[in-house]
Amino acid sequence: MAGCDANNLGGNSSAGFSRVAKWTALGATLGAIAAALNLSGPFGWAAFFSILAGAIAGAGVGLFVGSMIDWFGRLHEQSPRTITMCGDAKCVGRNAFGMQPFTDGDWTMNLGTLILCSPADLPVTAPGALTQVDEVRMRAAPGSGLSVAFKSFAEDGCHDDNSKCITDILHCEISARQGSFSVVGGAVGSVAGAALGIAAGIAACIALGIFTFGIGAALCLLLVAVLAAVGAWAGGAVGDAVGAFIGWVADELSDFDKLGKTIEAHSACALFITGRWVTDISHQHNEIHDIEAVQIGKCLPSGPPLQTRSNVAVVGIGRQPNDNGPPLLR
Amino acid sequence: MPNDPQMRTGLRCWAFLDWLCRVWIIITHKRKGGDDCVYFPERVINRPDPCIYSQFLLMQLKQPVTWENPDVIISKGGAKQYTYDLTVDTQYDIAITVHNTSLEKEALGTKVAVRWIEFGAGALIRHHIEDLVANVGRYPATAVVTTTWRTPATPGHYCIEVQLTHPNDGNPANNLGWNNTQVLAAHSEATTPIRIFNRHVGAPPREEQAVHRGPPWNLVEIEFDSYEFHDAYGDHANGDVMFAPRPPTWPARVEPRMFHFAPDQTYRDVELIVDAPAGPGHPEKFNVTALQGGVPLGGVTVTVTRGA
């Protein structure tokens with residue numbers, strides 16, 4: 001089951017990958033410099049491969065550590081922190097189980113037919129915003145580095161062909177622990193793996209008696225750099241996988257009895273979604289992340305629910321129970 | 001936890017084995033799921049929802065509102081009172097009905113903050129009356145919490161504001177309600193001033209810029225109608241009936257109906273003018289609602305009487 005993608009009108013919806021790539025390049029450069037600085041005597045053919053292996057080792061550490069930095073720094077909180085949006089689900093799904101940076105297991109939803117339900121006094125201030133819903137979608141959070149956040153739409157291909165941007169949505173997510181655990185596991189694993197690789201290389205040099213001047217030192221450095229590279233990448237991958245697995249188990253344990261509910265996309269149910277309003281600089285759009293509460297306000301037998309807002313209002317003031325529509329899938 | 005150390009150890013062992021068993025089930029069993037749908041865990045989707053009649057939620061949902069809140073009653077000696085006309089230094093009873101839309105979760109320990117603000121629309125200064133606690137059962141249960149309030153010794157006109165909070169609230173959008181009412185005896189032209197407060201005194205909201213294209217921050221627009229809320233529950237609660245718009249029943253106007261606040265202007269009084277029919281008859285209600293910069297400020301409900 002795939003999660004929901006948000007297609008932005010403008011901006012760079014893959015800005016997160018660019019930032020992680022910069023961390024990777026930085027790591028590679030530092031690794032190469034470290035290897036070069038440690039070379040002494042006649043470099044010979046070993047020099048090139050030592051620098052290359054050092055760069056690969058640094059890139060591995062940079063990738064995994066950079067992924068963690070990006071992961072925990074990508075969401076910039078708005079003021080007010082918490083909002084409640086009303087709407088209906090245009091897309092729902094859970095991102096596949098797996099490792100960062102490929103997938104994260106998050107619960108995702110694209111909310112459409114948007115109404116800002118709370119706070120009712122949110123001022124409209126963002127450049128180009130005409131309504132409070134525009135404000136929610138377009139105001140750039142402090143520290144995001146953006147002047148305006150880009151609106152998201154449900155249609156695939158909207159980013160490249162603006163005529164396809166038809167259905168306004170606000171992307172909403174609940175973070176799964178597997179995403180956070182996997183980036184931490186990857187960072188810890190890559191650093192530990194690189195360190196172990198260096199230690200193993202030095203130990204091997206000593207054991208083999210090749211830690212001598214000249215070509216011996218160059219060969220030794222090559223061995224250390226290669227093992228550091230293997231350690232960084234293998235440690236990062238293993239830490240990433242182990243972290244994802246532990247996070248997945250932790251997610252499942254937290255909801256072991258499965259007392260939650262299933263939401264369908266395009267069902268005629270009005271939803272109240274409450275959560276943290278943020279700018280996600282990895283996608284350069286605004287979203288609710290994490291969703292802290294979902295309430296199925298009103299389900300109707302058919303048709304778009306928010307065209308009959310009076311029936312949603314009846315639930316909103318407590319005169320009918322929420323989740324009172326047709327039975328939902330389990 | 002039992003006092004017997006052996007029993008405590010046994011319970012810990014059992015808890016650990018139970019945990020291991022759960023982990024095993026998670027790893028080896030296929031979990032629920034499906035296409036085009038997503039299962040949301042209980043912690044986000046199954047929560048209590050304490051609520052009251054919230055004009056601000058209803059306005060966001062584009063529904064007509066009354067400021068005579070059916071869930072907030074102020075009375076003296078059992079007689080209902082209008083908040084505009086309260087006597088100075090006098091004790092009144094306030095009763096608040098708290099609802100819960102959840103069929104599954106009780107809204108126990110709901111905090112009910114009762115405050116007074118100045119009569120009108122958009123007053124910013126809140127004055128504490130009482131913090132109460134409501135324990136609301138599952139829908140259709142309601143809880144009524146009460147308090148007494150002695151009005152200030154200095155003359156004034158008041159609005160009662162009620163704000164609910166619950167740490168596990170499933171929908172915080174329906175927690176704020178006002179009771180802001182006045183009764184007015186009809187004349188050929190019944191006139192009453194209504195104070196509109198400037199929400200952004202001194203400075204426009206953050207990042208107000210030339211490129212902003214929405215309504216100006218200082219533009220105040222005033223709407224009025226004669227909508228009446230007829231309370232109903234469950235199957236009897238039909239949204240199309242409960243929220244049927246009702247235009248002003250008698251010739252009425254607000255002057256001015258639209259204006260701009262100067263940056264340092266704290267408030268401005270507008271006038272509701274109702275041309276009531278001559279002779280006795282039923283009273284009519286006029287709900288006056290203000291928006292500043294396209295955003296709800298608040299409002300009042302004025303009941304115009306026509307004698308016996």
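Scoring rules and cut-offs
- Residues numbered from 1 in each chain as written.
- Chains lettered and ligands numbered in written order.
- Predicted model: local features only at pLDDT ≥ 70, side-chain atom pairs only at ≥ 80, totals over all residues.
- Helix = DSSP H or I, 4+ residues; strand = E, 2+ residues; numbered from the N terminus.
- Rg over C-alpha atoms; globule rule 2.2 N^0.38 Å.
- Buried ≥ 20, exposed ≤ 12 C-beta atoms within 10 Å, placed from the backbone.
- Contact = placed C-beta atoms within 7 Å.
- Nonpolar A, V, L, I, M, F, W, Y, C, P; charged D, E, K, R; others polar.
- Pairing = 2+ DSSP bridges.
- Axes fitted to C-alpha atoms, helices over the stretch in contact; angles between N-to-C directions.
- pLDDT = per-residue confidence, 0-100.
- Core = buried A, V, L, I, M, F, W, Y, C linked by C-beta atoms within 7 Å.

## Points about the overall build of chain B
Right, on to step 1. Counting its secondary structure elements, chain B contains four helices and 18 strands.
Right, on to step 2. Against the compact-globule benchmark of 19 Å for 308 residues, chain B has a radius of gyration of 25 Å, which places it well outside the compact range.
Right, on to step 3. The dimensions of chain B, computed from C-alpha atoms along their principal axes, are 85 × 55 × 40 Å.
Right, on to step 4. Taking all 308 residues of chain B together, the buried fraction comes to 42%.
Right, on to step 5. For chain B, the share of sequence-separated contacts (at least 6 apart) that also reach a separation of at least 24 residues comes to 73%.

## Looking at the interface of chain A and chain B
Right, on to step 1. Tallying the contact residues gives 63 residues for chain A and 67 residues for chain B.
Right, on to step 2. Among the elements of the structure, strand 2 (75-94), strand 3 (107-118), helix 5 (215-254), strand 6 (261-264), strand 7 (269-280), strand 8 (285-299) and helix 6 (309-316) of chain A are those that each provide at least two residues to the side of chain A that touches chain B.
Right, on to step 3. Top element by residues in the side of chain A that touches chain B is helix 6 of chain A. It accounts for eight residues.
Right, on to step 4. When the residues that make up the side of chain A that touches chain B are grouped by side-chain class, the tally is 32 nonpolar, 19 polar and 12 charged.
Right, on to step 5. Here four bridges tie strand 6 of chain A to strand 1 (residues 37-40) of chain B, and the two strands are oriented antiparallel to one another. Bridge assignment links Ile263(A) to a residue of strand 1 of chain B, and that residue is Val38(B).

## Details of the sheet that holds strand 12 (residues 190-197) of chain B
In sheet architecture, strand pairing relies on hydrogen bonds along the backbone and comes in two forms, parallel and antiparallel.
Residues and elements named next belong to chain B.
Right, on to step 1. As summarised here, the arrangement of the three strands in space is 12-16-14, forming an open sheet in which the pairing is antiparallel. Of all strands in the sheet, those bounded by a partner on one side alone are strand 12 and strand 14 (252-255). Geometrically, the sheet is characterised by an average inter-axis angle of 20° between neighbouring strands, direction not taken into account.
Right, on to step 2. When strand 14 meets strand 16 (residues 267-274), the two strands line up antiparallel, connected through four bridges. Bridged to Glu 255 within strand 16 is Glu 271.

## Notes on the sheet that holds strand 15 (residues 258-260) of chain B
Residue and element names in this part refer to chain B.
Right, on to step 1. Spatially, five strands are ordered 11-18-17-13-15 in an open sheet, and the strand pairing comes out mixed. Each end of this open sheet is capped by a strand with a single partner; those strands are strand 11 (181-185) and strand 15. Shown here is a sheet whose adjacent strand axes are inclined to one another by a mean of 25°, direction ignored.
Right, on to step 2. Relative to strand 17 (residues 284-292), strand 13 (residues 219-225) runs antiparallel, the two being bridged by six bridges. Paired with Glu 223 across the bridge in strand 17 is Thr 289.

## Regarding the environment of Val188(A)
Right, on to step 1. Here Val188(A) lies in helix 4 (residues 177-208).
Right, on to step 2. Expressed as a C-alpha distance, the spacing of Val188(A) and Phe64(A), which sit 124 residues apart in the sequence, is 8.3 Å.

## As for unusual backbone geometry
Right, on to step 1. For the bond running from Ser118(A) to Pro119(A), omega is 0°, close enough to zero to count as cis.
Right, on to step 2. With respect to the secondary-structure elements, Pro119(A) resides in the loop between strand 3 and helix 3 (132-138).
Right, on to step 3. In this chain, His289(A) is followed by Asp290(A) through a cis amide linkage whose omega measures 5°.
Right, on to step 4. Looking at the element boundaries, Asp290(A) is found in strand 8.
Right, on to step 5. With a phi close to 50°, Thr113(A) is a non-glycine residue in the positive phi region.
Right, on to step 6. With respect to the helices and strands, the residue Thr113(A) is situated in strand 3.
Right, on to step 7. Positive phi, close to 50°, is recorded for Asp89(B), a residue that is not glycine.
Right, on to step 8. For Asp89(B), a count of 10 C-beta atoms within 10 Å translates into the label exposed.

## Observations concerning the confidence of the model for chain A
Residues and elements named next belong to chain A.
Right, on to step 1. Taken residue by residue, chain A gives an average pLDDT of 84. The fraction at 70 or more is 86%.
Right, on to step 2. Here helix 1 (residues 15-38) stands out as the element of chain A with the lowest mean pLDDT, 74, in contrast to helix 3, whose mean of 95 is the highest.
Right, on to step 3. Across residues 326-330 the pLDDT falls below 50, and counting only partners more than four positions away or on other chains, this stretch makes 11 contacts in the model.

## A short note on the pairing of strand 16 of chain B
Right, on to step 1. In this structure, strand 12 of chain B lies alongside strand 16 of chain B, joined through eight bridges in antiparallel fashion. By the bridge assignment, Ile196(B) is partnered in strand 16 of chain B with Arg268(B).

## Some details on the nonpolar core
As a rule of thumb, soluble globular proteins bury nonpolar side chains together.
Right, on to step 1. Membership of the largest hydrophobic core comes to 119 residues, with the highest contact counts inside it found for Met85(A), Leu111(A), Leu271(A), Ile273(A) and Ile160(B).
Right, on to step 2. If sequence neighbours within four positions are ignored, Met85(A) has contacts with Leu111(A), Leu114(A), Leu116(A), Cys117(A), Val136(A), Leu170(A), Ile273(A) and Ile288(A).
Right, on to step 3. One finds Val184(A), Ala187(A), Ala194(A) and Ala229(A) within the second-largest nonpolar core, a separate group that totals 38 residues.

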